[in-house]
Amino acid sequence: MDEAPARAARIDAPLLNARLSKAQDADELLGLFARHGWQMDGMHYGNLWNKLGRQLRESSGRQAWVARHASTLKRLVSATTSHLRTCGAQPLANVAHG
């Protein structure tokens, strides 16, 4: 089952970006999105997609992982789409690359 963790309290934007950068796996990235997505901006989404793409490209079980997390991924795509206008060139490239 793909359930989102409870929404977390606001954290400093640079700290959130650092946590995205240091996430150890795709599950941790989606957990950060589930808890803090409401406060993410274009830079965060660029970082998240870049790291998520890297994690999944290196994973042999990526299709099963995507199926298991389909509802969270749909929310991530929707949230990212609504923030594309806040993305500069580099974050937008990171989203596309991810």
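Up top is the structure these notes are about.
These figures come from a predicted structure and were not determined experimentally. Each chain carries its own residue numbering, running from 1 in the written order of its sequence. Local features are withheld for residues below a pLDDT of 70 in this predicted model, meaning they are given only at 70 or higher, and side-chain atom pairs are given and counted only at 80 or more; totals for whole chains, interfaces and linings count all residues. Think of the side-chain values as coming from all heavy atoms in the structure, minus any hydrogens and water.

Participant: Is there a simple way to think about helix α5 (residues 70-83) in this case?
Facilitator: An α-helical segment advances 3.6 residues per turn. Residues three or four places apart therefore align on the same side. Compared with the 20 Å implied by 1.5 Å per residue over 14 residues, the 20 Å span of α5 between its first and last C-alpha is a close match. In the core, the buried residues of α5 are packed alongside α2 (26-36), α3 (42-57), α4 (62-68) and α6 (89-97). Segments assigned H or I by DSSP are reported as helices when at least four residues long, segments assigned E as strands when at least two residues long, and all are numbered from the N terminus. What a helix should span is 1.5 Å times the count of its residues minus one. Residues are treated as being in contact if the distance between any of their heavy atoms lies within 4.5 Å.

Participant: Before we go on, may I ask you to explain the nonpolar core in this structure?
Facilitator: Judged by nonpolar contacts, the single largest core of 20 residues is most densely connected at L52 and L76. Look past the residues within four positions of L52 in its chain and what remains in contact with it is A26, L29, W65, L73 and L76. Definition of nonpolar core: a set of buried residues of the types Ala, Val, Leu, Ile, Met, Phe, Trp, Tyr and Cys, connected through side-chain atoms within 4.5 Å. Here the term buried applies to any residue with accessible area under 20% of the maximum for its type, exposed to any over 50%, and partly exposed to those in between, with areas from a 1.4 Å probe on protein chains only.

Participant: Looking at this structure, I do not really get the environment of W49. What am I missing?
Facilitator: You can see W49 is positioned in helix α3. Relative accessible area serves as the criterion here: at 16%, W49 is assigned to the buried category. When the C-alpha positions of W49 and Q24 are compared, they lie 14 Å apart, and in sequence the two are 25 residues distant. Those residues in contact with W49, other than ones at most four positions away along the chain, are L76, V77, T80, N94, V95 and G98.

Participant: It is not clear to me how the side chain of N94 should be interpreted in this structure. Could you clarify?
Facilitator: By the element assignment, N94 lies in helix α6. In this structure, N94 is in contact with G46, W49 and N50, ignoring residues within four places of it in sequence.

Participant: Can you help me understand the packing of α2 against α3 in this one?
Facilitator: Each packed pair of helices is defined by two parameters, the angle between the axes and the distance between the axes. Only the stretch in contact is used when fitting a helix axis, every axis being a line fitted to C-alpha atoms; angles between N-to-C directions are given from 0 to 180 degrees. Orientation of α2 relative to α3, taken along the N-to-C sense of each, is 155°, at an axis distance of 9 Å. Relative to α3, the element α2 is oriented roughly antiparallel. Helix-helix and strand crossings are classified by hand; for α2 and α3 the assignment is left-handed. Contact residues: α2 offers A26, L29 and F33, while α3 offers Y45, L48, K51, L52, Q55 and L56. Throughout this entry, Asp, Glu, Lys and Arg are counted as charged residues, while Ala, Val, Leu, Ile, Met, Phe, Trp, Tyr, Cys and Pro are counted as nonpolar. The remaining residues, Gly among them, count as polar. For the contact of α2 with α3, a count of residues per class yields seven nonpolar, one polar and one charged. Orientation labels follow simple angle bins: below 35 degrees gives roughly parallel, above 145 gives roughly antiparallel, 65 to 115 gives roughly perpendicular, and whatever is left gives oblique. If you view the pair so one helix is near and one far, a crossing is left-handed when the near helix is turned anticlockwise from the far one by less than a right angle, and right-handed when it is turned clockwise.

Participant: Looking at this structure, how should I read α6?
Facilitator: Among all positions of α6, only P91, N94 and V95 are buried. In a view along the axis of α6, the buried residues occupy a sector of 100°, so they form one face of it. Turned more than 90 degrees off the buried face of α6, the exposed positions are A89, Q90, A96 and H97. Packed against the buried residues of α6 are α3 and α5. Working definition: the arc comes from the directions between the helix axis and the C-beta atoms, pointing outward to the latter.

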